[in-house]
Amino acid sequence: MDLELYGAEEELLGRLDCDEALLGSYPVADGCRVHVIDQSGAHIGEYEDVSQVEKYKIAESDYKKQPESLRSFLCQQRWGHYNAEGTQCWVDKQQQRWAQEAALVAALPLGAHCQVRLLGQPSKLATIMFVGQTDFKPGYWVGVHYDEPLGKHDGSMGGRRYFECQPKYGAFVKPQSVTPGDFPEEDDSLEDEL
């Protein structure tokens, strides 16, 4: 590879041919450019098409015998689909969780007033507007219309409308966080009683 230094007016200032010299030892100024001339014979785009690169192939039986392969590591660690027992346990727990959520959802009537309790937040009063599975996340979800603008949206998520409400009044929560009932209106007055 050859390097040439050009000035701001595109005039050749010199060749950068001394490997030990620092760039500052050449007459570099604002507007200069370094021109690179590739002498390797490579063509533009020659290495971009990976289908042209010859691949190393090993027989499946030989790969299984390799002691230090990714597959042997995953088998030793029992990760991914090399841990059929753990995967089945996770699937069973997930199905059990969804069955519990389905039972909770069955007890949540649409239009009922409810209290929503989320971890690390004060309880909020709302109306149940949607109960069921959604496109944005797996499992069962409850769409609520808060009594106050404490929500995140207007009843739509991911371009699909699940229920109608004003902006910032809607939210989706898990069924475990919802308790239906006749909850009194919150008294937010700051007047002290004497």
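A quick note: this is a predicted structure, and the numbers were derived from the prediction, not measured.

Before going further, it helps to spend a moment on the nonpolar core. In terms of nonpolar packing, the biggest core is built from 12 residues, these being Leu108, Ala112, Cys114, Val116, Ala126, Ile128, Val142, Val144, Tyr146, Ala171, Val173 and Val178. Those elements that provide at least two residues to this core are β4 (113-116), β5 (124-133), β6 (140-146) and β9 (170-173). No other element matches β6, which puts three residues into this core. Not counting residues up to four positions away in its chain, the partners in contact with Val142 are Leu108, Ile128, Phe130, Val131, Ala171, Phe172, Val173, Pro175 and Val178. Formed by seven residues, the second largest nonpolar core is a distinct cluster that contains Trp141, Tyr162, Phe163 and Phe172.

Right, let's talk about the pattern of salt bridges for a bit. On inspection of all chains with the given rule, the structure shows eight salt bridges. As a salt-bridge pair, Arg33 and Glu10 come within 2.8 Å of each other at their nearest N and O atoms. Of the two residues, Arg33 sits in strand β3 (residues 33-37) while Glu10 sits in the loop between β1 (2-6) and β2 (12-15), which places them 23 residues apart along the sequence. Three or more residues are tied together by salt bridges with common partners; here these are Asp2, Glu4 and Arg15.

Moving on, we come to the pairing of β6. Where a strand is regular, its side chains alternate between the two sheet faces. Burial analysis of β6 places five of its seven residues in the buried class, the great majority of the element. Bridging between β5 and β6 involves seven bridges; their strand directions are antiparallel. Bridge assignment links Gln133 to a residue of β6, and that residue is Tyr140. Where β5 folds back on β6, the antiparallel hairpin that results is connected by six residues, among which Gly139 adopts a positive phi of roughly 95°. By the bridge criterion, four bridges tie β6 to β9 in an arrangement that is antiparallel. Counterpart to Gly143 in the pairing with β9 is Phe172.

Reading the values: the criteria
- Residues numbered from 1 in each chain as written.
- Predicted model: local features only at pLDDT ≥ 70, side-chain atom pairs only at ≥ 80, totals over all residues.
- Heavy atoms only, no water.
- Core = buried A, V, L, I, M, F, W, Y, C linked by side-chain atoms within 4.5 Å.
- Buried < 20%, exposed > 50% of the residue type's maximum accessible area, 1.4 Å probe, protein only.
- Helix = DSSP H or I, 4+ residues; strand = E, 2+ residues; numbered from the N terminus.
- Contact = heavy atoms within 4.5 Å.
- Salt bridge = Lys/Arg side-chain N within 4 Å of Asp/Glu carboxyl O.
- Pairing = 2+ DSSP bridges.

Take it as geometry only, folks, not as evidence of what the structure does.
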